[in-house]
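Geometric and topological summary
Next come the chains, spelled out residue by residue.
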Amino acid sequence: MTTRFDALRGHWAKIAGTTIAEAFAQPGRAEAFSSRHGAMLFDFSKTNIDAQALDLLVKLAEDTGVAAKREAMFSGAKINETEGRAVLHTALRNLEASVIVDGQDVMPEVRATLARCEGFARDVRAGRFTGQGGRITDVVNIGIGGSDLGPAMACLALAPFADGPRCHFVSNVDGAHIADTLKGLNPETTLVIVASKTFTTIETMTNADSAKRWMAEKVSDPAAQFAAVSTAADKTAAYGIDPARVFGFEDWVGGRYSMWGPIGLSLMIAIGPEAFSEFLRGGADMDTHFRTAPFRQNLPVLLALVGLWHNQVQGHATRAVLPYDQRLSRLPAYLQQLEMESNGKRVSMDGVDLPYESGPVVWGEPGTNGQHAFYQLIHQGTRIVPCEFLVAREGHEPDLRHQHLLLVANCLAQSEALMRGRSLEEARAIMAKKGLTGAELERQARHRVFPGNRPSTTLAYPKLTPFVLGQIIALYEHRVFVEGVILGINSYDQWGVELGKELALALQPILEGRADASGKDGSTQQLVAYLRG
Ligand code: F6P
């Protein structure tokens, strides 16, 4: 069967004998296989992509209609075809525009909700909105998936800008999560934000009930210290939350794309509306770049093309995201949902089985921690893991500049080591220097060989500010979009999460002893019997 990746695969077969290190014999490779946007630099020169591969990749983006689809997304067309929805998270940050959905400009409502969020955040931060015990000291965001990962990741990323109440995030239905979180908190000075697009997610609603009970032990009107973020105003009202503290959004904002709007309320309370609007400005700035820059200079397009080259052309099943920025330690988890929930699909938009792999497995940890854990496999394992490094020119700790430089040195060293490797001759020379000879030298040397020729990219940025974080997140969102368009899939639904949810609902009464397990398979029956105790 022919596929849209055949020309690229044919080309890869032809150039596979040339290593990445050898490709640097071409003068100007680093500049030619890099792109800058503003103060940001994306370097993909340490990959096997050569000039012709880049031509073919760009042609693929052109032939698959990325530009037209991009305009369809920004202008509010219903590109989420399986759910009949527009995909308009960009409208939450492009605040000047007007965007028509179903004949109506959605922007006045977006701006009004943002203003309400800002007003509430200011009231909380200034102590005008209080708990029964006075000024709010702690905010607990209860949500999961897109209603948790974005604000949780960003609160950590922007910790140097946090000057409001402390923010905590509870997501897991495991009671340990809420119990450990609430343990040190005072219910009389805690604000609970129930963040759920649908307001039906079982984990979130169960945790919200537990938080309400915890608060009711000390607070006479717990609902007065609850706020909600949701598309389901009827359900938030039924839950007893004052509409003045309910912040809505539309179904054209996907859960994993929702941190730009009211789902970002906890972040806004932590860093303040001004810093939050800088975050939005960063996202909008990347939107403009994505919409206007030629594909060869377009960071999201290039990031997507490099991803497709590694995944669909070279056949590498995973991609490691390795931020050399401790405060981005939740970025890999955030990107797991963004990329895998979006592009982990097995059929094309029209329901036909994909003749190639869909999106890759995304994983990672911050450097340098990962170096002392899984980098062994990345350097010497039999599988190739394309690595995506992120690193800032400057940290937030001027007194610890020497530590920052050590961090940067480690980041650069890793991409260099992955590319260069260490040959058997070099390993032999090292062993000879240590005084080894003969068979023992040979045996030891072989363990010290690094094959090299392992691809990586580096995204370098000036400093992790709200603006830069906004740019980075929008960059990855648009990368997912471009990969999805080229793969021909719908990146904006997530039917794959449904079956497990349904089965869990059916298993709960069985575990509680209210229903029997006879219809279940032998393994599930055995586990139920064990776990029921
Ligand atoms: O896991 C499926 C999912 O629907 C995600 O897409 C979403 O981010 C998450 O659940 C939470 O959903 P909600 O915000 O509706 O509670």
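Residues numbered from 1 in each chain as written. Predicted model: local features only at pLDDT ≥ 70, side-chain atom pairs only at ≥ 80, totals over all residues. Heavy atoms only, no water.

The next point concerns the overall build of the chain. Regarding its fold elements, the chain presents 21 helices and 15 strands. Against the globule reference of 24 Å for 533 residues, the chain gives a C-alpha radius of gyration of 25 Å, in line with a compact fold. Dimensions of the chain, computed from C-alpha atoms along their principal axes, come out at roughly 80 × 60 × 55 Å. Each of the 533 residues in the chain was classed as buried or not, and the buried ones make up 52%. Accessible surface for the chain amounts to roughly 23300 Å². Of this, 53% is attributable to carbon and sulfur atoms. (Helix = DSSP H or I, 4+ residues; strand = E, 2+ residues; numbered from the N terminus. Rg over C-alpha atoms; globule rule 2.2 N^0.38 Å. Buried < 20%, exposed > 50% of the residue type's maximum accessible area, 1.4 Å probe, protein only. Areas by Shrake-Rupley, 256 points an atom, 1.4 Å probe, with all protein chains shown as cover.)

On to the side chain of Glu-339, then. Looking at where Glu-339 falls in the secondary structure, it is placed in helix H14 (residues 331-343). With relative accessibility at 5%, the residue Glu-339 sits in the buried group. There is a polar contact of 3.5 Å between the side chain of Glu-339 and the side chain of Arg-479. Discounting residues that sit within four places of it in the chain, Glu-339 has contacts with Arg-319, Gly-344, Val-362, Tyr-476, Arg-479 and Val-480. (Polar contact = N/O pair within 3.5 Å; in protein donor to acceptor, adjacent residues only side chain to side chain. Contact = heavy atoms within 4.5 Å.)

This model, assessed by the stated rule, comprises 15 aromatic pairs. Taken together, a centroid distance of 5.8 Å and an interplanar angle of 80° make the contact between Phe-199 and Tyr-239 edge-to-face. A residue pair is termed long-range when its members are at least 10 positions apart, and Phe-199 in the loop between strand E9 (190-195) and helix H9 (202-216) and Tyr-239 in the loop between helix H10 (233-238) and strand E11 (246-248) qualify at 40 residues. Taken individually, Phe-199 and Tyr-239 each receive the classification buried, so the pair is uniform in this respect. Centroid distance Tyr-324 to Phe-389: 5.9 Å. Interplanar angle 55°. Geometry classified as tilted. Of this pair, Tyr-324 sits in strand E12 (residues 318-324) while Phe-389 is found in strand E14 (residues 387-392), placing the two residues 65 residues apart along the sequence. Taken as a pair, Tyr-324 and Phe-389 share a single burial class, namely buried. (Phe/Tyr/Trp six-rings, centres within 6.5 Å; stacked < 30°, edge-to-face > 60°.)

Right, let's talk about the sheet that holds strand E2 (residues 40-43) for a bit. Strands sit in the order E1-E2-E15-E14-E12-E13 across an open sheet of 6 strands; the sheet is mixed. Here the strands that pair on one side only, and so sit at the sheet edges, are strand E1 (34-37) and strand E13 (361-363). In this sheet, neighbouring strand axes are inclined to one another by 15° on average, regardless of whether the strands run parallel or antiparallel. With 3 bridges joining them, E12 and E13 adopt parallel strand pairing. Of the residues in E13, the one forming a bridge with Arg-319 is Val-362. Strands in contact with H14 are E12, E13 and E14; relative to E13, the strand with the most contacts, it is inclined by about 165°. (Pairing = 2+ DSSP bridges. Axes fitted to C-alpha atoms, helices over the stretch in contact; angles between N-to-C directions.)

The local shell around the ligand holds 13 residues, among which Ser-147, Ser-196, Thr-198, Thr-201 and Glu-341 are the closest. Note that an oxygen atom of the ligand is positioned 2.5 Å from one of the side-chain N or O atoms of Thr-201. With the chains in place, 87% of the 390 Å² that the ligand exposes on its own is no longer accessible. When its residues are assigned to classes, the shell around the ligand shows 2 nonpolar, 9 polar and 2 charged. (Near = heavy atom within 4 Å. Nonpolar A, V, L, I, M, F, W, Y, C, P; charged D, E, K, R; others polar.)

Among all positions in helix H5 (residues 66-74), only Val-66, Arg-70, Ala-72, Met-73 and Phe-74 are buried. Looking at the packing, one finds that the buried side of H5 touches helix H4 (51-63), helix H12 (273-292) and helix H19 (466-487). Positioned one or two residues after H5, Gly-76 has a phi angle of 95°, which is positive.

Attention shifts here to unusual backbone geometry. A cis amide bond links Gly-367 with the next residue in sequence, Thr-368, at an omega value of 10°. As for its position among the elements, Thr-368 is in the loop between E13 and helix H15 (375-380). Its identity as a non-glycine residue notwithstanding, Asp-102 has a phi of 50°, on the positive side. Within the element layout of this structure, Asp-102 appears in the loop between strand E3 (100-101) and strand E4 (104-105). In this structure, Asn-453 takes a positive phi of about 55° despite not being glycine.

We now examine the sheet that holds E9. Read across the sheet, 5 strands follow the order E8-E7-E9-E10-E11 without closing on themselves; strand pairing throughout is parallel. Strands with a single pairing partner mark the edges of an open sheet, and in this sheet they are strand E8 (166-170) and E11. Neighbour-to-neighbour, the strand axes of the sheet open up by a mean angle of 20°, direction not taken into account. Looking at chain direction, strand E7 (residues 138-142) and E9 are connected through 5 bridges and run parallel. In the sheet register, Val-139 faces E9, and the bridge partner there is Leu-191. Along the sheet, helix H8 (residues 175-183) contacts E7 and E8; its crossing angle with E8, the most-contacted strand, is approximately 165°.

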